[in-house]
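Coordinate analysis (summary)
Take a look at the letters that make up each chain.
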Amino acid sequence: YSVALRNNPFFAWCITDSPQVMRRICHYAMTTLLLSNGDIVFTKGEAPSEPKAYMVMKGNLEYLWAGQATQIFEKTWVAEACLWTSSWRHQGALTATNDAKLASLDVKTFHEIAQRFQDHATFDAKVYAMDFVTHINTVEAVNDLTVAGSMH
C-alpha cells in the first residue's frame, strides 16, 4: 500500500522517516475496495460510523459536489479530511463510473497507530494535522477532494 500512500505528503514523509509506522499502517489500517460501475462509496451529508480516506488505484469515479461533477482518476486522494478532523461529514457523493480499485485507510486504526507512536522521535502526526486543519479553515470551499497537497 505504500505505493498508493506515497502520493500524499504526510505519508511520503512517513515512508522515508518513519518506516516502522508505515509498516503498521499498511498492515493494519489499509484494505482494498473493489467497485463496479454505479457503486456508491459515500453520499453528501454522510457522517460515516467507520470513517475512511481513499486513494484511487485504478479506474474512474465521479464526485458530485455543489451541482458540479468532477471526474476522479488514479492517484487521487478522497476524504483526507477524515484523518485530521474529528467529525467529518462528506460534502458530496462519490460514485464509480467503471470498475475501480481503491486503497482504503481506516481512520480509527490510523489514529490508534499514530497514538502508539506519538512519542517516537521521528513521528509527529499532530503537526501535519494542525497544518491541514489550518488549511481547510482558510479555504473558501472545502470538500472531500481538499487535500494537504494543495497547501502552499
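Residues numbered from 1 in each chain as written. Predicted model: local features only at pLDDT ≥ 70, side-chain atom pairs only at ≥ 80, totals over all residues. Heavy atoms only, no water.

With respect to the layout of surface pockets
- The computed volume of the largest pocket comes to approximately 190 Å³.
- Along its surface, the largest pocket is lined by twelve residues, and His111, Ala114, Gln115, Ala125 and Lys126 are the ones closest to its centre.
- Listing elements by their share of the lining of the largest pocket, those giving two or more residues are α4 (81-84), α5 (107-116) and α6 (125-138).
- A per-element tally of the lining of the largest pocket places α5 first, with four residues. (1 Å grid on protein atoms, 1.4 Å probe; cavity = no way out; pocket = protein on both sides within 12 Å on 5 of 7 lines; lining within 4 Å. Points joined across faces, edges and corners; volume = space filled by probe spheres on them. Helix = DSSP H or I, 4+ residues; strand = E, 2+ residues; numbered from the N terminus.)

Here's the deal with the sheet that holds strand β5 (residues 68-72)
- Pairing within the open sheet is antiparallel, and its four strands lie in the order β2-β7-β4-β5. Only two strands of the sheet have a single neighbouring strand rather than two, namely β2 (40-42) and β5. Between one strand and the next, the sheet's axes are offset by a mean angle of 25 degrees, whatever the strand orientation.
- One ladder, built from two bridges, connects β2 with strand β7 (residues 93-96); its direction is antiparallel. When the sheet's bridge partners are listed, isoleucine 40 is paired in β7 with threonine 95. (Pairing = 2+ DSSP bridges. Axes fitted to C-alpha atoms, helices over the stretch in contact; angles between N-to-C directions.)

Notes on the sheet that holds strand β3 (residues 52-58)
- Strand order in this open sheet of four strands is β1-β8-β3-β6, and the pairing throughout is antiparallel. Looking at which strands have only one partner, the edges of the open sheet turn out to be β1 (30-35) and β6 (77-78).
- Relative to β6, β3 runs antiparallel, the two sharing two bridges. Paired with tyrosine 54 across the bridge in β6 is valine 78.
- Against the sheet, α5 contacts β3 and β8 (100-106), and its axis sits at roughly 45 degrees relative to β8. (Contact = heavy atoms within 4.5 Å.)

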